[in-house]
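Listed below are the residues making up each chain.
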Amino acid sequence: MNDRNPPDEFADVNETVGEEWEAETTPYERIRHVVAHTYSPVSADSVADDARTAPKTARKHLNTLADEGFVETTPGEQGGTLYRRSPESLVVEQAADILEHVSTDELVARIQEMRKQLTEYRSEFGVDSPEELAVNQTNQALSETGSPQDEIDPEAIREWKTLRRNLAFANAALSIGNAEQFVDSDRRSTDDTVPA
């Protein structure tokens with residue numbers, strides 16, 4: 001007889017994995033992990049559930065993360081505080097990841113190429129931004145003066161937006177990288193000085 005029911009030890013794999021996660025991490029680590037993937041405002045109770053901790057503990061750590069700039073807070077409809085990952089922390093994380101994998105020279109070259117591509121988009125479509133292009137396309141469709149060949153591929157608008165976002169991340173990485181180089185060179189120059 002072929003029994004399709006899983007053995008009891010595999011009945012709730014998620015619960016077992018959750019228990020292991022809870023045993024191997026601190027509440028702070030779990031809350032930070034949950035918030036790292038939270039882009040819409042949620043309550044401390046919701047974070048606590050996902051992080052397998054008490055709401056009071058979640059609130060304490062969420063407030064610490066807000067003080068650090070990792071979490072953004074907003075007032076909820078019933079007066080409670082809602083939490084989500086701050087956009088700034090995402091930019092810093094992306095910039096750090098770029099710096100880890102790309103040299104400064106390569107980053108400068110990529111930034112120059114992305115700026116060239118942005119200039120080409122502006123020239124090709126005759127507008128300064130993908131948002132302006134979308135508005136113009138909508139207005140043209142509403143006035144029904146455009147012909148089918150005048151329609152802009154929505155993929156072009158998405159690519160333009162992605163290019164702008166990637167350029168912003170690259171510029172942030174370059175700024176952070178240059179700041180680190182400045183601090184390192186300043187530190188070396190003060191370490192090399194001989195006291196009088």
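Structure: above.
Description of the structure in this document. Everything numeric in this text was worked out from a predicted model, so none of it was measured.

**A few points about the overall build of the chain**
Part 1 of the argument: The helix and strand tally for the chain stands at eight helices and three strands.
Part 2 of the argument: Helices and strands appear in the chain in the N-to-C order α-α-β-α-α-β-β-α-α-α-α.
Part 3 of the argument: For the chain, buried positions account for 24% of its 196 residues.
Part 4 of the argument: Taking contacts inside the chain between residues at least 6 apart in sequence as the whole, the part at least 24 apart equals 61%.
Part 5 of the argument: When the accessible area of the chain is evaluated, it comes to approximately 13600 Å², of which 50% is carbon and sulfur surface.

**Notes on the sheet that holds strand β3 (residues 81-85)**
Part 1 of the argument: Spatial ordering of the open sheet is given by β1-β3-β2, a layout of three strands whose pairing is antiparallel. Each of the sheet's edge strands pairs with one partner strand only, and the pair in question is β1 (42-43) and β2 (71-75).
Part 2 of the argument: Where β1 meets β3, two bridges bridge the pair, whose relative direction is antiparallel. Across the sheet, residue Ser43 finds its bridge partner in β3, namely Leu82.
Part 3 of the argument: Those strands touched by helix α5 (residues 87-101) are β2 and β3, and its axis lies near 20° from that of β3.

**Some thoughts on α5**
Part 1 of the argument: End to end, α5 covers 22 Å across 15 residues, agreeing with the expected 21 Å (1.5 Å per residue, within 8%).
Part 2 of the argument: Among all positions of α5, only Ser89, Ala95 and Ile98 are buried.

**Thoughts on the environment of Glu72**
Part 1 of the argument: By the secondary structure assignment, Glu72 is in strand β2.
Part 2 of the argument: With 11 residues separating them in the primary sequence, Glu72 and Tyr83 have C-alpha atoms 5.8 Å apart.
Part 3 of the argument: Excluding anything up to four places from it in sequence, Glu72 contacts Leu82, Tyr83, Arg84, Arg85, Ser86, Pro87 and Glu88.
Part 4 of the argument: Within the local environment of Glu72, its side chain forms a polar contact with the side chain of Arg84, the two groups lying 2.6 Å apart.

**Digging into the nonpolar core**
Part 1 of the argument: Grouped together as the largest cluster of nonpolar side chains are 22 residues, with contacts concentrated most on Ile98, Leu107, Ile111, Phe125, Leu133, Ile152 and Trp160.
Part 2 of the argument: For this core, the elements supplying multiple residues, two or more each, are α5, α6 (104-125) and α8 (154-192).
Part 3 of the argument: The biggest single contributor to this core is α8, with 10 residues.
Part 4 of the argument: In this structure, Ile152 is in contact with Phe125, Leu133, Gln137 and Ile157, ignoring residues within four places of it in sequence.

**Topic: the packing of helix α2 (residues 27-36) against helix α3 (residues 44-51)**
Packed helices, taken two at a time, are described by the angle between their axes plus the distance between the axes.
Part 1 of the argument: Packing of α2 against α3 leaves a shortest axis separation of 9 Å and a crossing angle of 115°. Classified by the interaxial angle, the pair formed by α2 and α3 is roughly perpendicular. Viewed along their axes, α2 and α3 form a crossing whose handedness is right-handed. Contact with α2, carried on its side by Arg30, Ile31, Val34 and Val35, involves Val47, Asp50 and Ala51 of α3 and no other residues of that element.

**Quick word on the pairing of β3**
Part 1 of the argument: Both β2 and β3 contribute to a ladder of five bridges, which runs antiparallel. Considered in β3, the bridge of Thr73 is made with Tyr83.
Part 2 of the argument: Taking the residues that link successive antiparallel strands as the turn, the β2-β3 hairpin has five residues, and the phi of Gly79 there is positive, at about 95°.

**As for α6**
Part 1 of the argument: With 22 residues, α6 ought to run about 32 Å at 1.5 Å a step, and its terminal C-alpha atoms sit 32 Å apart, in line with that.
Part 2 of the argument: One or two positions beyond α6, positive phi appears at Gly126, with a value near 70°.

**Things to note about the environment of Val42**
Part 1 of the argument: Among the secondary structure elements, Val42 is positioned in strand β1.
Part 2 of the argument: On the basis of relative accessible area, Val42 is assigned to the partly exposed category, the value being 21%.
Part 3 of the argument: It is 9.4 Å that separates the C-alpha atoms of Val42 and Thr74, two residues lying 32 residues apart in sequence.
Part 4 of the argument: Residues contacting Val42, with those up to four places away along its chain left out, are Val47, Thr81, Leu82 and Tyr83.

About the criteria used
- Residue positions are given per chain, counted from 1 along the sequence in the order it is written.
- The model is predicted, so local features are restricted to residues of pLDDT at least 70 and side-chain atom pairs to those at 80 or more, both for listing and for counting; the totals for chains, interfaces and linings are taken over all residues.
- Hydrogens and waters are ignored; side-chain quantities use all the structure's heavy atoms.
- By definition, any uninterrupted DSSP run of H or I lasting at least four residues is a helix, any uninterrupted run of E lasting at least two residues is a strand, and each is numbered from the N terminus.
- Exposure classes here rest on a 1.4 Å probe applied to the protein chains alone. A residue is buried below 20% of its type maximum, exposed above 50%, and partly exposed in between.
- Working rule for contacts: check all heavy atoms of both residues, and any pair within 4.5 Å makes them a contact.
- Only the protein chains shown count as covering a residue, and every accessible area follows the Shrake-Rupley method with a 1.4 Å probe.
- Whether two strands pair depends on DSSP finding at least two bridges between them.
- Axis lines are fitted to C-alpha atoms, over the contacting stretch for helices. Their N-to-C directions set the angle, which ranges from 0 to 180 degrees.
- Here a helix's expected span is defined as the number of its residues, less one, multiplied by 1.5 Å.
- For this analysis, a polar contact is any N or O atom pair within 3.5 Å, provided that within protein one partner can donate a hydrogen and the other can accept it, and provided that sequence-adjacent residues contribute only side-chain to side-chain pairs.
- The set of buried Ala, Val, Leu, Ile, Met, Phe, Trp, Tyr and Cys residues whose side-chain atoms join them within 4.5 Å is what this entry labels a nonpolar core.
- For classification purposes, angles smaller than 35 degrees are called roughly parallel, those larger than 145 roughly antiparallel, those between 65 and 115 roughly perpendicular, and all remaining angles oblique.
- By convention, the crossing between two helices is left-handed when the near helix turns anticlockwise from the far helix through less than a right angle, and right-handed when the turn is clockwise.

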